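Structural overview
One letter stands for each residue in the lines below.
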Amino acid sequence: MDKPLLIASDVDGTLLDPMERMSPRTAAVLRRAGEAGVPVVLATGRPPRWIPAVAEPGGLTGYAVCANGAVLYDIAADEVVSVHGALEPMLLTDAVGELSKVLPGCGFAAERVGRRALDPEVQHLVVEHGYRNPWGDGEGARVSRAEIVGRPAVKLLVSHPDMTSDEMARAARAVLDESVDITFSASGGLIEIAAHGITKATGLAEVAERFAVPVERIIAFGDMPNDVEMLKWAGHGVAMANAHPDVLAVADEVTSPNSEDGVAQVLERWF
């Protein structure tokens, strides 16, 4: 492709190495792209509160598409710019009820946002007893299931200790049909549920419109099923060699794994 006018990248398994660090090589090429006037946009399942630590090494101060497209966050301003497709209590209740039947033993959590990455007026993550965070960080306020479904959320998280994410997603899609979008960004028994039609691609489309960049001049990088729509939408979609088969199947190009600076290897063609 021609020199990209906008760069979009997933974070975990893509921009960061297996130790969840941004390498000096990757950080340097992101800084060079920014200095050349090309916006670098993080597109991730992560919430806004997890973004500043990722952005800082690469000098990223622009936008981040968070929660798989539901939230647009301005890094420099520490401002949630927009929220799309919040899951309302009735839909959350129905989804949790159906999932409890087909995924017995699962646990639920809900992600919410405020006006900033860390808003003292908001419980950003609420979890029920039995929800297992695959990252093992113990994050989240412990609440009842009624409280999880009782307020709007940007993302519903579902974990299961004895299933893979692929297995969970197949079971969930069989009962939820097209009422929500089901994806995942980790393989170890966690699926992520958003309002129907909300993806990283829809979030990036909003950013592209703000910069007046045509989709043909956008390059996007990813590794997991929550990146599929983004890679299909972008002018040039790049999958990591460590990517899920669904991502490899839609990519225009496959680069080296995240352990070998695959993103940097591609961007160094222009920057």
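Attention here is on the structure that accompanies the text.

Rules of the game
- Residues numbered from 1 in each chain as written.
- Predicted model: local features only at pLDDT ≥ 70, side-chain atom pairs only at ≥ 80, totals over all residues.
- Heavy atoms only, no water.
- Helix = DSSP H or I, 4+ residues; strand = E, 2+ residues; numbered from the N terminus.
- Contact = heavy atoms within 4.5 Å.
- Areas by Shrake-Rupley, 256 points an atom, 1.4 Å probe, with all protein chains shown as cover.
- Lys, Arg positive; Asp, Glu negative; His and termini not counted.
- Charge placed at Lys NZ, Arg CZ, Asp CG, Glu CD.
- Pairing = 2+ DSSP bridges.
- Axes fitted to C-alpha atoms, helices over the stretch in contact; angles between N-to-C directions.
- Buried < 20%, exposed > 50% of the residue type's maximum accessible area, 1.4 Å probe, protein only.
- Polar contact = N/O pair within 3.5 Å; in protein donor to acceptor, adjacent residues only side chain to side chain.
- Expected span 1.5 Å × (residues − 1).
- Arc of directions from axis to C-beta.
- 1 Å grid on protein atoms, 1.4 Å probe; cavity = no way out; pocket = protein on both sides within 12 Å on 5 of 7 lines; lining within 4 Å.
- Points joined across faces, edges and corners; volume = space filled by probe spheres on them.
- Nonpolar A, V, L, I, M, F, W, Y, C, P; charged D, E, K, R; others polar.

This brings us to the overall build of the protein. From N to C terminus, the protein includes 10 helices and 14 strands. Projected onto its principal axes, the C-alpha positions of the protein cover 50 × 40 × 30 Å. Put simply, 57% of the contacts in the protein that link residues at least 6 apart link residues at least 24 apart. When the accessible surface of the protein is totalled, it reaches about 11200 Å², and 51% of it is carbon and sulfur. Here the protein contributes 23 positive and 39 negative side-chain charges, whose respective centroids are spaced 3 Å apart.

What follows covers the sheet that holds strand β12 (residues 218-222). Spatially, β5-β4-β3-β2-β1-β12-β13-β14 is the arrangement adopted by the eight strands of the open sheet, whose pairing is mixed. Looking at the sheet topology across the chains shown, the edges are occupied by β5 (79-83) and β14 (253-255). Adjacent strand axes in the sheet meet at a mean angle of 25°, parallel and antiparallel pairs treated alike. Relative to β5, strand β4 (residues 71-74) is paired through four bridges, and the arrangement is antiparallel. The residue of β5 that forms the bridge with Val-71 is Val-83. Contacts from helix α7 (residues 200-211) reach β1 (6-9), β2 (40-43), β3 (63-66), β4, β5 and β12 within the one sheet, and its direction differs from that of β3 by about 160°.

Note on strand geometry: in a regular strand, side chains alternate between the two faces of the sheet. Side chains of strand β10 (residues 180-183) alternate between two faces, with Val-180 and Ile-182 and Asp-181 and Thr-183 buried alike. Pairing analysis gives four bridges linking β10 to strand β11 (residues 190-195), with the strands arranged antiparallel. By the bridge assignment, Ile-182 is partnered in β11 with Ile-193. Where β10 hands over to β11, the hairpin turn is made up of six residues, of which Gly-189 adopts a positive phi near 85°.

Quick look at the side chain of Ser-82 now. For Ser-82, the location among the structural elements is in strand β5. For Ser-82, a relative accessible area of 12% gives the class buried. Polar side-chain contacts of Ser-82 include one of 3.4 Å to the side chain of His-84. Beyond its immediate stretch of four places on either side in the chain, Ser-82 contacts Ala-70, Val-71, Leu-72 and Glu-206.

Pairing between sheet strands relies on hydrogen bonds along the backbone, with the strands arranged either parallel or antiparallel. Strand order in the open sheet formed by six strands is β8-β7-β6-β9-β11-β10, and the pairing between neighbours is mixed. For this open sheet the edge positions go to β8 (141-142) and β10, each flanked by a neighbour on one side alone. Across four bridges, strand β9 (residues 155-159) lies against β11 in antiparallel orientation. Each residue of the ladder has a partner; that of Val-158, found in β11, is Ile-191. Across the sheet, helix α4 (residues 89-102) is in contact with β6 (107-111), β9, β10 and β11; its angle to β9 comes to roughly 15°.

With 12 residues, helix α6 (residues 165-176) extends 16 Å from end C-alpha to end C-alpha; this agrees with the ideal 16 Å at 1.5 Å per step. Listing the buried residues of α6 in full gives Ser-165, Met-168, Ala-169, Ala-172 and Leu-176. Seen along its axis, α6 keeps its buried residues to an arc of 100°; they face one direction. What points out from α6, more than 90 degrees from its buried face, is the exposed set Arg-170 and Ala-174. Residues of α6 that are buried sit in contact with α4, β9, β10 and β11. Asp-177 lies just past α6 and shows a positive phi near 55°.

Let us now look at the layout of surface pockets. Of the voids in this model, the second largest pocket is the one considered here, and its volume is about 300 Å³. Lining the second largest pocket are 15 residues, and of these Ile-182, Thr-183, Pro-225, Val-228 and Glu-229 sit closest to its centre. For the lining of the second largest pocket, the elements supplying multiple residues, two or more each, are β10 and α8 (228-233). Split by residue class, the lining of the second largest pocket holds five nonpolar, four polar and six charged.

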